[in-house]
Amino acid sequence: MKIEELIQSAGHPSWVKHLGFTPDGRKLISACNSFTKCWDVGTGELLWTSRNKTWLYDIDITLDGRLILRADEVLDFVDTESGKSIDFVMENFDFVEDVKVNPDGKTFAVITRKEIRTEKGIEFLNRLQLRDLKTKEILWKQKVECGGDVTFTPDGKRIIYAEGKTIKIFDAETGKEIKSFSIHENSKCSLFSIDISPDGKFLLCGMIFYHMEDKKLSKREKKVCLIDIETEEVLKTFDSSISAVFSPDGRVIALGKVGEIIFVDLETLEEIKRLKSSLSYKSLSFSPDGKYLAAGSLGIELWNLDKDEIVWKIEPAEPGKFVFCSKNSFTLVTDTKIFRYSFENGSLKEITETDGFIESAAFDSKTGLLACGTEDKKVVIVDINKEEVIKEILCPTFVGSLAFSKDRTTLAAGCFGTIVLIDIKTWKTSEIPIGDFCLSAMTFRDNSLLGCYFYKNSEFILENITNSKRVKDFGGKVSSFAFSCDGKLLAVGKITGEVEVVDTETGLIESSLKVKEPSALKFLSHNLLACGTFEGNVLVFKVENSDLILKLPAHVGSVSSIDFSSDGNYLLSAGSDGTVVKYGFTL
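Residues numbered from 1 in each chain as written. Predicted model: local features only at pLDDT ≥ 70, side-chain atom pairs only at ≥ 80, totals over all residues. Heavy atoms only, no water.

A word on the overall build of the protein chain
Along the protein chain, the regular secondary structure elements total zero helices and 55 strands. A globule of 587 residues ought to have a C-alpha radius of gyration of about 25 Å, and the protein chain, at 27 Å, matches this closely. Over its C-alpha atoms, taken along the principal directions, the protein chain stretches across nearly 80 × 60 × 55 Å. Taken across its 587 residues, the protein chain has 54% of its residues classed as buried. Taking the intrachain contacts of the protein chain between residues at least 6 apart in sequence as the baseline, contacts between residues at least 24 apart amount to 38%. With an accessible surface of roughly 26900 Å², the protein chain has 45% of that area assigned to carbon and sulfur atoms. Counting 74 positive and 89 negative side-chain charges, the protein chain places the centres of these two groups 2 Å from one another. (Helix = DSSP H or I, 4+ residues; strand = E, 2+ residues; numbered from the N terminus. Rg over C-alpha atoms; globule rule 2.2 N^0.38 Å. Buried < 20%, exposed > 50% of the residue type's maximum accessible area, 1.4 Å probe, protein only. Contact = heavy atoms within 4.5 Å. Areas by Shrake-Rupley, 256 points an atom, 1.4 Å probe, with all protein chains shown as cover. Lys, Arg positive; Asp, Glu negative; His and termini not counted. Charge placed at Lys NZ, Arg CZ, Asp CG, Glu CD.)

Structure follows, in C-alpha cells:
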C-alpha cells in the first residue's frame with residue numbers, strides 16, 4: 001500500500017484558532033483543527049506543515065523556542081525547526097484541552113479529560129496537571145469541574161485556571177488552591193479563554209453570554225472582560241469581542257472583532273486606534289518586541305503596528321468538494337474553483353472560477369467533460385483536456401445534481417421542480433417537470449432516469465423519474481449516497497452507522513455495511529464500494545458479502561469525495577482538511 005499526500009495548500013482549511021511567535025520573533029506558529037504550520041515572519045514563507053493527530057485544542061511554545069506543545073487526543077511535542085513530532089504523552093485521558101508552559105521553563109500545565117461510563121451514564125473526569133517539561137512526569141494533579149483555560153503568573157509561582165464563570169488560582173509548586181472568585185454571577189455566561197498582563201495584575205477573560213427568551217436560547221454573544229486579580233473587580237467589558245491579548249510591555253490591549261482590531265490603553269481604558277479589515281479575528285498574537293501583530297481568521301495577517309499596514313497575508317485553503325480521476329491527472333472542484341493536477345510534473349493548475357457556489361458536479365472520463373452546477377442557476381461545462389470552459393447553460397433554479405447518460409449524448413441537471421436535459425452536441429435543452437423537490441443525485445439505468453431526493457427535508461426517496469415510480473423510502477438521517485456506474489445499485493449512508501446497498505429497480509437491500517458516520521461513497525465496480533467517514537477514514541468493502549478489505553487513515557476531518565482510477569490501481573480522497581490523498585493498491 002502506497003499513500004501519497006498530493007495537495008496541501010499553504011493556507012489553513014479552517015479557522016486559525018491559535019497563533020504564537022517563537023521567542024526570537026523570527027517564526028510564527030499557527031494552528032487550526034487539522035494542521036500546525038510554521039511561517040517565516042520576515043517573508044511570510046511557509047516553512048513546514050505538521051498534521052495534527054486529531055482535533056486540535058491548544059498549542060504553546062517553550063521559552064527556548066525549540067518545542068511546540070500540542071494538545072489534542074495526545075500531548076504532542078513538535079520540533080520547531082522541522083515540524084516533526086519527537087515525543088508524545090498518552091496516558092489515562094481521552095484528550096488534552098489546554099496546555100501552557102511555565103515561565104520558569106521547567107514545567108507545564110495541562111487540562112485533561114477522560115470519559116467514564118457509569119450506571120448513571122457517561123461522565124467526564126477533568127484534571128488540571130502540572131508536569132515536568134523534561135521527564136513529562138506528573139508533579140501534581142487536581143480534579144476540576146470542566147475543561148477550561150489555564151495560564152501562569154509571570155513569575156511562574158501561580159497557575160490561573162478558568163472554568164464556567166469561575167477563576168481559580170493554584171500554587172504552582174504544591175497544587176493547593178489559593179483563591180477562587182466568580183465573574184458576572186448574575187448573568188448566564190461562561191469563560192473560554194484567559195490572558196494575563198506582563199505585570200501579573202490583570203486578566204483578559206473571553207466569555208460567552210447567553211441571551212434567553214421564553215426560557216429558550218435566543219442569542220450567544222462573545223465579550224472580553226478586563227479583571228483586576230487582587231480586587232476581583234471587572235474593570236471593563238468589551239462588547240462583541242472575539243479575541244484579546246496584552247501587548248508585551250503591558251500598556252495596550254488588542255481586541256479582535258468582526259472586521260477590525262481595536263487597541264485600548266490599559267491605564268485609561270480609552271481607545272487608541274482601529275485597524276480595519278474584512279475578517280473576523282479568532283486569534284491574536286504580538287511579536288516579542290511588540291512591533292507586529294499576527295491576526296488569525298480563516299486566513300492569517302501580519303500587521304506592522306508602526307505603519308498600521310499589512311506586511312503579508314495568507315489566504316485560506318479551499319477544501320475539495322469533488323475529486324475525479326483521469327488517466328494522467330485528476331480534477332479537484334472546490335466551492336468556487338476548478339483545478340487540474342498533473343501526475344507527471346506534480347503541478348496544480350486553476351482552470352476557472354465560478355460566480356456562484358458549486359453545488360453539484362459530474363465527470364465523464366472518456367470525453368474529459370466536467371459539468372458543475374451552481375447556486376446561481378448555471379451548468380458550467382469544462383473540457384478538462386483542453387483546460388477551458390466550453391459552455392455555460394442557464395437553468396430555472398440552482399442545480400442540485402448532474403448525470404451524464406451512458407451513451408454520452410445527454411447531460412441531466414436536477415433543479416427544483418424540474419430536470420433539464422441538455423444535448424451535449426447541440427447544447428439544446430428540454431425540461432421534465434417533477435414534484436416540489438430537487439434531486440440530490442441522478443443516474444441513468446438502461447432507458448430509465450433515476451433520482452434521489454429529500455422529501456420535506458427529512459425522508460430520502462429513490463424514484464424512477466421516467467415512470468414516476470417510487471422505488472424506496474430510506475427514512476431520515478441520510479448523510480451520503482452514490483449510484484454504481486451502471487445505475488443498478490444505490491448506496492445510502494446514514495449517521496446511525498450503516499450503509500445500505502439496494503437494487504435501484506426493486507428497492508431490495510443487496511448488502512448492509514457497518515460504517516460509523518459515512519460522509520462520502522463511491523463504487524469502484526458492482527462489487528466494490530469505498531466509504532469515507534466524518535472521522536477521516538476511507539473504507540473499502542466487498543458488497544456481495546459485506547467484507548471490509550481496506551481501512552485507510554485519510555484525513556483530519558471528514559472525507560468529502562472519493563474516486564477510483566479507471567484501471568483500479570489507486571483511489572483518491574478529498575477532505576475537509578484541504579488535502580487530496582492518493583492510495584495505490586492491488587485488489
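That shown, we press on.
Considerations on the pairing of strand E15 (residues 158-163)
Across the six residues that make up E15, a large majority, five, are buried. Connecting the antiparallel pair strand E14 (residues 149-152) and E15 is a turn made up of five residues, with Gly-156 showing a positive phi of about 75°. Alignment of E15 against strand E16 (residues 166-171), held across six bridges, turns out to be antiparallel. Bridge assignment links Tyr-161 to a residue of E16, and that residue is Lys-168. With antiparallel pairing between neighbouring strands as the criterion, E15 and E16 make up a hairpin whose turn holds two residues, including Gly-164 at a positive phi of roughly 60°. (Pairing = 2+ DSSP bridges.)

Here we look at the pairing of strand E45 (residues 478-483)
Burial of E45 is extensive: five of the six residues sit out of reach of the surface. Linkage of E45 to strand E46 (residues 489-494), two consecutive antiparallel strands, is achieved through a turn of five residues, within which Gly-487 is found at a positive phi near 75°.

What about the pattern of salt bridges?
Tallied over the entire structure, the rule returns 25 salt bridges. Across the salt bridge formed by Lys-223 and Asp-239, the nearest N and O atoms sit 3.6 Å from each other. One end of the pair, Lys-223, is in strand E20 (residues 216-228); the other, Asp-239, is in the loop between strand E21 (234-238) and strand E22 (243-246), with 16 residues separating them in the sequence. The partly exposed category is assigned to Asp-239, whose relative accessible area is 41%. Of the charged contacts, one joins Asp-335 and Lys-321 as a salt bridge, the two residues approaching to 3.5 Å between their closest N and O atoms. With a gap of 14 residues between them, Asp-335 in the loop between strand E30 (329-333) and strand E31 (337-342) and Lys-321 in the loop between strand E28 (309-314) and strand E29 (322-325) connect regions that are remote in the sequence. Each of Glu-260, Glu-271, Arg-274 and Lys-276 takes part in salt bridges that share partners, so that together they form one network. (Salt bridge = Lys/Arg side-chain N within 4 Å of Asp/Glu carboxyl O.)

Considerations on the sheet that holds strand E12 (residues 121-132)
Strand order in this open sheet of four strands is E10-E11-E12-E13, and the pairing throughout is antiparallel. One side of each edge strand has no neighbouring strand; the edge strands of this open sheet are strand E10 (95-101) and strand E13 (138-144). Between one strand and the next, the sheet's axes are offset by a mean angle of 20°, whatever the strand orientation. (Axes fitted to C-alpha atoms, helices over the stretch in contact; angles between N-to-C directions.)

Details of the environment of Asp-289
In this fold, Asp-289 is placed in the loop between strand E25 (283-286) and strand E26 (292-296). Through-space distance from the C-alpha of Asp-289 to that of Pro-248 is 7.0 Å; in sequence the pair is 41 residues apart. One polar contact links Asp-289 to Ser-287, side chain to side chain, over a distance of 2.7 Å. A distance of 3.0 Å separates a polar atom in the side chain of Asp-289 from the backbone nitrogen of Lys-291. (Polar contact = N/O pair within 3.5 Å; in protein donor to acceptor, adjacent residues only side chain to side chain.)

Notes on the side chain of Thr-504
Structurally, Thr-504 is set in the loop between strand E47 (498-503) and strand E48 (509-514). Side-chain polar atoms of Thr-504 contact the backbone oxygen of Gly-487, separated by 2.7 Å. Filtering out sequence-adjacent residues up to four positions away, Thr-504 remains in contact with Arg-445, Leu-450, Leu-462, Val-471, Phe-483, Gly-487, Lys-488, Leu-489 and Leu-490.

Points about the nonpolar core
Membership of the largest hydrophobic core comes to 17 residues, with the highest contact counts inside it found for Ile-160, Ile-167, Ile-183, Leu-203, Cys-205 and Met-207. For this core, the secondary-structure elements that each account for two or more residues are E15, E16, strand E18 (189-196), strand E19 (202-213) and E20. Other than its neighbours up to four places away in sequence, Ile-167 contacts Ile-160, Tyr-161, Ala-162, Lys-179, Ser-180, Phe-181, Ile-183, Leu-191, Ile-194, Leu-203 and Cys-205. Within the second largest apolar cluster, 16 residues are counted, among which are Leu-369, Ile-393, Ala-413 and Val-420. (Core = buried A, V, L, I, M, F, W, Y, C linked by side-chain atoms within 4.5 Å.)

A word on the packing of aromatic side chains
A full pass over the atoms with the stated rule returns 14 aromatic pairs. Judged by centre distance (4.8 Å) and plane angle (55°), the rings of Phe-454 and Phe-460 are tilted. Residue Phe-460 is classed as buried on the basis of its relative accessible area, which comes to 0%. Ring centres of Phe-460 and Phe-481 lie 4.9 Å apart, and the angle between their planes is 25°; on these two criteria the pair is classed as stacked. Highlighted residues: Phe-460 in strand E43 (residues 459-464) and Phe-481 in strand E45, separated in sequence by 21 residues. Geometry around Tyr-57 places Lys-17 over its ring, the cationic atom sitting 5.9 Å from the centre. Seen from the ring of Phe-192, Lys-222 lies directly overhead, with NZ or CZ sitting 4.8 Å from the centre. (Phe/Tyr/Trp six-rings, centres within 6.5 Å; stacked < 30°, edge-to-face > 60°. Lys NZ or Arg CZ within 6 Å of the ring centre and 35° of its normal.)

Examining unusual backbone geometry
With a phi angle near 70°, Lys-136 is a residue other than glycine that sits in the positive phi range. Position of Lys-136 relative to the elements: it lies in the loop between E12 and E13. Of note in this structure, Glu-387 is not a glycine but carries a positive phi near 55°.

As for the side chain of Thr-336
Inspection of the secondary structure puts Thr-336 in the loop between E30 and E31. Classification of Thr-336 by relative accessible area gives buried; the value is 13%. Look past the residues within four positions of Thr-336 in its chain and what remains in contact with it is Glu-318, Thr-352, Glu-353, Thr-354, Gly-356, Phe-357 and Ile-358.

What to know about the sheet that holds strand E34 (residues 369-374)
Adjacent strands of a sheet pair through backbone hydrogen bonds, lying either parallel or antiparallel. In spatial order, the strands read E33-E34-E35-E36; together these four strands make up an open sheet with antiparallel pairing. What marks the edges here is a single partner per strand, and that holds for strand E33 (358-364) and strand E36 (388-394). Averaged over all pairs of adjacent strands, the angle between strand axes in this sheet comes to 20°, irrespective of strand direction. In the sheet, strand E35 (residues 378-383) pairs with E36 via six bridges, with the strands oriented antiparallel. Within E36, the residue paired with Val-382 across the bridge is Val-389.

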